[in-house]
Amino acid sequence: MSHAIDIDLHREGPGGLETEEMTLNMGPQHPSTHGVLRFVVKADGEVMRRAIPDIGYLHRSIEKIAEKVGYHGFMPYTDRVDYVSAMQCNQGWAMACEKLAGIEVPRRGEYCRVIASEFGRIASHLISVGATGMDMGAITPFTHAIREREYINDILEELCGARLTFNYMRIGGCAWDLPPGFAKRAIAYLDRFEPLIDEYDELISFNKIYVERLANVAPITAERAISWNLVGPNLRGSGVRYDVRRDVPYSAYPEFEFDVPVGTGERGTLGDCYDRYMVRMREIRQSCRILRQALEGIPAGPVVAKVPRTFKPAPGAVHVRVEASRGDMGWFAVSDGTAFPVRVHIRTGSYAAMAAIEELSKGLMIADLVAVIASLDIVAPEVDR
Amino acid sequence: MDADGIHRALREKFAGAVDPDWVAGEWPIVTVGSASVAEVCRLLRDEPALGFDCLSNLSGVDRKDDDRIEVWYHLLSYRHRHQVALRTTTPRLDPVLPTVSHLWPIANWLERECWDLLGVRFVDHPDLRRLLMPEDWVGHPLRKDFVEPDEYHGISTRRESLLKL
Amino acid sequence: MQQLADRLIDTGFLQGLPRGLGYVIVVALFAFLMLNFIMLVAGVTSWLERRVWARIQSRIGPNRVGPQGSIQWLADGIKNIMKEDIVPSAADAPLFRFAPYLAMMGFFGAFAVVPFGDGLIVADINIGVLYVSAVTALVVVGILMAGWSSNNKWALLGGIRSAAQIISYEIPAALAVLTVVLFTGTLSMQGIIRAQGWAPWNWFLFHNPFTFVAFFLFFVSALAEGNRTPFDLPEAESELVAGAFTEYSGLRSLLFFLVEWGNLYLIGAICTTLFLGGWQVPAFTDSGLVLGLAQVLTFFLKAYFLVFVAMWVRGTLPRVRVDQLMTLCWKYLVPIAFVNMILAAFFAAILPNGSIFVKAGMCVFGLGLAVHFFQRVLFHLRRAKPELHLSPIV
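Since the model is a prediction, treat every value here as computed from it, not as a measurement.

> Can you lay out the overall build of chain C for me, pointing to particular residues and giving the numbers?
Along the backbone of chain C there are 13 helices and zero strands. Its C-alpha radius of gyration of 22 Å places chain C within 12% of the 21 Å reference for a compact globule of 394 residues. Each of the three principal axes of chain C carries a C-alpha extent, and together these read 70 × 65 × 45 Å. Nonlocal contacts in chain C, meaning residues at least 24 apart in sequence, comprise 76% of its contacts between residues at least 6 apart. For chain C, the exposed area adds up to about 18300 Å²; of that, 73% sits on carbon and sulfur atoms.

> Tell me about the sheet that holds strand E3 (residues 22-26) of chain A, residues and numbers included.
Across a sheet, paired strands are connected by hydrogen bonds in the backbone, their directions being either parallel or antiparallel. Residues and elements named next belong to chain A. Spatially, the three strands line up as an open sheet ordered E3-E4-E5, and their pairing is antiparallel. Of all strands in the sheet, those with a lone pairing partner are E3 and strand E5 (47-54), marking the two edges. Each strand axis lies, on average, 20° off the axis of its neighbour in the sheet, ignoring direction. Contacts between helix H13 (residues 366-376) and the sheet are confined to E3, strand E4 (38-44) and E5, with E4 contributing the most and set at about 150° to the helix.

> Please set out the packing of aromatic side chains residue by residue, giving values where relevant.
Here the structure, examined in full by the defined rule, presents 43 aromatic pairs over all chains. Look at A:Tyr189 and A:Phe193: their rings are 5.6 Å apart centre to centre, the planes differ by 10°, and that puts the pair in the stacked class. With a gap of four residues between them, A:Tyr189 and A:Phe193 both fall in helix H6 (residues 182-205), about one helical turn apart. Note on C:Phe215 and C:Phe216: the rings are 5.1 Å apart at their centroids and 75° apart in plane angle, and the pair reads as edge-to-face. Residue classification places C:Phe216 among the partly exposed residues on the basis of a relative accessible area of 43%. Aromatic rings pair up to connect C:Phe206, C:Phe212, C:Phe215, C:Phe216, C:Phe218, C:Phe219, C:Phe275 and C:Phe365 into one cluster.

> Pulling in residues and values, what's your account of the packing of helix H2 (residues 19-56) of chain C against helix H3 (residues 72-82) of chain C?
Residues and elements named next belong to chain C. H3 packs onto H2 with a crossing angle of 110° between their chain directions and a minimal axis gap of 8 Å. On the basis of the axis angle, H2 is roughly perpendicular to H3. Two packed elements cross with a definite hand, and for H2 against H3 that hand is right-handed. Touching Met 39, Leu 40, Gly 43, Val 44, Ser 46, Trp 47 and Arg 50 of H2 are Gln 72, Trp 73 and Asp 76, all from H3. Residue composition of the contact of H2 with H3, by class: five nonpolar, three polar and two charged.

> Describe the sheet that holds strand E9 (residues 327-335) of chain A, with residues and values.
All names here are of chain A. Taken together, the three strands give an open sheet; going across it, the order is E8-E9-E10, and neighbouring strands pair in antiparallel fashion. Strands at the two margins of the open sheet, each flanked by one partner only, are strand E8 (316-324) and strand E10 (343-347). Here the strands of the sheet are splayed against their neighbours by 15° on average, with no regard to which way each runs. Two elements, E9 and E10, share five bridges in a ladder whose sense is antiparallel. Residue pairing across strands places Val 334 opposite Arg 343, the latter belonging to E10. The strands that helix H1 (residues 62-73) touches are E9 and E10; relative to E10, the one it contacts most, it runs at about 135°.

> Explain the interface of chain A and chain C to me, and be specific about the residues and the numbers.
Counting from both sides, the interface comprises 39 residues of chain A and, opposite them, 31 residues of chain C. The three residues of chain A that bury the most area against chain C are A:Glu46, A:Glu202 and A:Ile209, which together make up 17% of that side's buried surface. In this structure, the connection of chain A to chain C is made through two salt bridges. Where C:Arg161 meets A:Glu46, a salt bridge forms, and the shortest distance between an N and an O atom there is 2.5 Å.

> I'd love a proper account of the pattern of salt bridges, names of residues and values included.
Applying the stated criterion across every chain, the model contains 61 salt bridges over all chains. For B:Lys144, the salt bridge goes to A:Glu67, with nearest N and O atoms at 3.0 Å. Taken together, the residues B:Lys144 in the loop between strand E7 (121-123) and strand E8 (151-152) and A:Glu67 in helix H1 connect one chain to another. A single salt-bridge network, built from bridges that share partners, covers A:Glu118, A:Arg121, A:Arg236, A:Asp243, A:Arg245, A:Glu283 and A:Glu323.

> Outline the interface of chain B and chain A, supporting the account with residue identities and numerical values.
Facing 39 residues of chain B, the contacting portion of chain A comprises 41 residues. Each partner contributes to the roughly 3400 Å² buried at the junction of chain B and chain A, and carbon and sulfur atoms together form 57% of this total. Counting every contact that joins chain B to chain A gives four salt bridges. If you look at where chain B meets chain A, you find 19 residue pairs in polar contact (both at pLDDT 80 or more). Put simply, the parts of the chain that give the side of chain B that touches chain A at least two residues each are strand E3 (54-63), strand E4 (68-77) and helix H3 (106-118) of chain B. When residues in the side of chain B that touches chain A are grouped by element, the largest group, ten residues, is from E3(B).

> Can you tell me about helix H10 (residues 250-275) of chain C, naming the residues and giving the values?
Residues and elements named next belong to chain C. Here H10 contains 26 residues, and its C-alpha end-to-end distance of 38 Å stays within 8% of the 38 Å for a straight helix at 1.5 Å per residue. By the criterion of burial, H10 is predominantly enclosed, with 24 of the 26 residues buried. Taken from the residues just after H10, Gly 277 is the one with a positive phi, measuring 75°.

> Describe the environment of A:Gln29, naming the residues involved and giving the relevant values.
Secondary-structure assignment places A:Gln29 in the loop between E3 and E4. Along the primary structure A:Gln29 and A:Ile373 are separated by 344 residues, whereas in three dimensions their C-alpha atoms are 15 Å apart.

Each value, and the rule that gives it
Residues numbered from 1 in each chain as written. Chains lettered and ligands numbered in written order. Predicted model: local features only at pLDDT ≥ 70, side-chain atom pairs only at ≥ 80, totals over all residues. Heavy atoms only, no water. Helix = DSSP H or I, 4+ residues; strand = E, 2+ residues; numbered from the N terminus. Rg over C-alpha atoms; globule rule 2.2 N^0.38 Å. Contact = heavy atoms within 4.5 Å. Areas by Shrake-Rupley, 256 points an atom, 1.4 Å probe, with all protein chains shown as cover. Pairing = 2+ DSSP bridges. Axes fitted to C-alpha atoms, helices over the stretch in contact; angles between N-to-C directions. Phe/Tyr/Trp six-rings, centres within 6.5 Å; stacked < 30°, edge-to-face > 60°. Buried < 20%, exposed > 50% of the residue type's maximum accessible area, 1.4 Å probe, protein only. Parallel < 35°, antiparallel > 145°, perpendicular 65-115°, else oblique. Left-handed = near helix turned anticlockwise from the far one by under 90°. Nonpolar A, V, L, I, M, F, W, Y, C, P; charged D, E, K, R; others polar. Buried area = accessible area lost by both parts, 1.4 Å probe. Salt bridge = Lys/Arg side-chain N within 4 Å of Asp/Glu carboxyl O. Polar contact = N/O pair within 3.5 Å; in protein donor to acceptor, adjacent residues only side chain to side chain. Expected span 1.5 Å × (residues − 1).

So, in structure tokens, the structure goes:
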């Protein structure tokens, strides 16, 4: 959070006319900043000279809390790191602790995790693509996406009793087994949902105005995306075929068949907003594919390993990565052998995307900034933690 | 390149700064002297065989008992699909490190965050301001001896525990 | 209207009053009636829009106040009137207070020439269509004034966008109107309607290919002038918070929305007048009253169908960007409108009274387009298998 931002205010326009740069304050309360993001927009009429992101309005010092509440106690807080898709945050923390202590998760537990986090991914991507539509001025795709997300929330509620902050995973596995008949209901939902993806495509993805708004806006080359540390769909939108689930396999993911969709520049430049949007649309289909395999092939057995109540891992430091909805989420945890971690650091996808906006925004229009934020899928709690 | 190769390549160039021991693992840990972190990072990025094109994470750890601050650099190569963690330490009283923000743009914010929360000063950083906390905040909250002030601009940070009633 | 006023003063209610005073009373009476009519139309339109929009978005929409929520608009109006009227301390207060009334005036004035039936019109002036496009341009002054006087950068951007947009789109709209006027030879609203018949092949929509194109040109431009999606840039809520109306609250904010919803009916009414045969009905009965009612109903339904289309468009399309908006207008609509008008002039010179073959051909063409459209809808329904809720009552 800062207030001291000064760049040249006055400049000479054509004909010796002195023009003044307009400083617009976009956020923290603004309809399209998806929470409490703030941008200081330096604009020349409708054209931005740059948009300076200013973060920290949703800083809840989650990393400091981790040092005070211990390993088990931190699990509910991880939900709040990214409350739009909390499952993968759960999984990141659980994996970090398991790696610190060398705990093996039962196979059924891993399957449950995959099922939960893939449903979470679909829900999160639905929000993302719906919100992109809404930021472009079309509210219908958003309500249709939210409608489907409600059903996913129902399914996850069956699993863990919560609809947003799940607190489903535990160190060593999951809190609860799948309820009876869960697989049947989940597959019935997928049968209903998959044809609807086509409907979204017809409604919005191939809409002429929508394509015009997103194509060729803020393209990111692969090299820039990597050096900015963009991850997940944002990176894949630039054509880098990299998915932590496939390239650094974890949990039960090596057992499933799925593709990693990448941007192809189909409607404009490679790595533009439309590519990032379409990568998310296609990832929804791949998640459905993984879910079908997981629901059909789930093995029997326990879902959670035996973990002592007072969890004291050996001293050491780990850095694990999970593929969250907004990409490679890095969990760095340092233990000193006591019941409390020395340090937890969470490197999230939105954080890097937010840092990239200042460079990306140069020369775009104000309406494009909204498109860029939406296509990078920035979620405020993840940026600030 | 495997972890041993990376370590050997670093030892060749920076025999004095890079620790002869390294820890194997998913992220091989190489300990580096604080003064030469930037040069080591530049080598890691620019040497084609190493090719670390991405700084995945930069985290500071306050080791109060040892009176030092550890800073970890988790580096990733998308080109060669290998990874390494650099560990460096700096005294707790006056933590100073060279910046790597000219090597990877993301380091700009990660270093600002590290300065904000742990008070590590990154020399030559173009814009070392607080990132998450308010500009006029006193202290660095992730230090182990940080004490929360009683109030911030007249807003009290203390409250009665409801359990006492 | 003057005949009516004269009759009232000579023989009716107002007998014996000075002629000038009588006129004033009659005009005030008409203004009062029209104002109430507009309020009613705008209110009902707001409720309908919310319901239609809700169904498109698979929601329910307002259904609590009155049967099916049908007097929700009344509750909203009362709520807004009772809200505090906040004027920002840094705003230019007199302009800020006056802006909504100016916008209201511009659009209210246009209703003076909107016909309802044969003879049912406030003033059948002989430059009716010209008057409409002139007087609705006042709305832009109101919005620009609102944006400027709010002393808010978002509002200012919204106001400037609105000015650029409305002034640009006046041109294709006016050219499309002129295309019709070429065939009627009159600018009077009633005159244009009388030049058409009750049957679709006697409407200007199907008169010839050029008026057919002009209809779409006019409808698109009118949507842009009425700040409707996909051209709702002046109040683009995801970009400019609420655009020019960001700082308004209570009744003043309501007035702007009244203009928006009332404008919707105005667009429908003018389109109906120009292209869809207005109030023309076949002479199926001798009773003047029944015939008059049928005319009013016909006109209203036609206008409301277009209002429904505008709601539908709003529920479907995203918003264009400001440069795309200008590109669409200056690079596409304006040249098309010019060429279209010139070709129409040639057509008018060759076949001044139209040709039954051209009309029949255009009717078949229009029918074909409609069939194609519904086939596409059916195709999507079969492919995506969405849940359909066809009953309007939820």
